[in-house]
Amino acid sequence: MIDPSIHKSWKECLIGEFNEPYFAALKNFLVEEKTTKVVYPPGNKIFAAFDRTPFEDVKVVILGQDPYHGKGQAHGLCFSVPPGIAPPPSLVNIFKELHNDLDIPMPSHGNLESWTDQGILLLNATLTVRANQAGSHQNKGWENFTDAVIRKLSESREELVFILWGRYAQAKESLIDTGRHHILKAAHPSPFSAHSGFFGCRHFSKTNEILVSQGKEPVNWSLDQNSS
């Protein structure tokens, strides 16, 4: 059900977490959960964020809370949906801000995999969820694991950009060495809060300004190949 044989770069730095008692308890919970419930994302997608963005390639971290809990939506990357699935409201608002910030047209899909290939870790704090029940796998052990991920990045890397949207993500700031890394904070892109500071945050252009100042390649935020 849950296989810690994720990308070797992550396995090397997180192997201690897989051996912790909380992780064994989490695995047991998920095995039991799957006997009677539908769990998202599919087992082979739980660690997709790590598989797509190796540890040494991370330049930017976008932190989400839970996977989407609707059928076919979750595929292991926060805010992203697979091809053919309509973008949920928060993702639509992300695209609106992207358009207002960088004049990038609204994309034809909601698959953010091209961001991960450019060094953006799309990390949810909780990596699984019960179908149609938001937050149903919180406080089962995932937060221990993903907090360890954030701490490891903070301790072992330099000059990363952490994008924290909403109060839940911003509570993770305490795990980050703000003297070594860059933190961008705004309201959550949810329709309930986007007008309270997400719209107009310009985090996409600000991220690129930081990366360019470090001599790194800026992110091509466009999701359609015919755009740039």
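Quick note: structure is the one above.
Report on the accompanying structure. This is a predicted model, so every value here is computed, not measured.

On to unusual backbone geometry. A cis amide bond, omega -10°, links Y40 with the succeeding residue P41. The phi dihedral of E159 is positive, around 60°, even though this residue is not glycine.

What the rule picks out here adds up to 7 salt bridges. Between D101 and R202 there is a salt bridge, with its nearest N and O atoms 3.3 Å apart. Highlighted residues: D101 in helix α4 (residues 89-102) and R202 in the loop between β6 (182-186) and α8 (203-213), separated in sequence by 101 residues. Its salt-bridge partner being K172, residue D147 comes within 2.8 Å of it at the nearest N-O pair. Of this pair, D147 sits in helix α6 (residues 142-156) while K172 is found in the loop between α7 (167-170) and β6, placing the two residues 25 residues apart along the sequence. Residue classification places K172 among the buried residues on the basis of a relative accessible area of 10%. Ionic contacts of the salt-bridge type, sharing partners, join the residues R52, E113 and D117 into one network.

Cut-offs used in this document
Residues numbered from 1 in each chain as written. Predicted model: local features only at pLDDT ≥ 70, side-chain atom pairs only at ≥ 80, totals over all residues. Heavy atoms only, no water. Salt bridge = Lys/Arg side-chain N within 4 Å of Asp/Glu carboxyl O. Helix = DSSP H or I, 4+ residues; strand = E, 2+ residues; numbered from the N terminus. Buried < 20%, exposed > 50% of the residue type's maximum accessible area, 1.4 Å probe, protein only.

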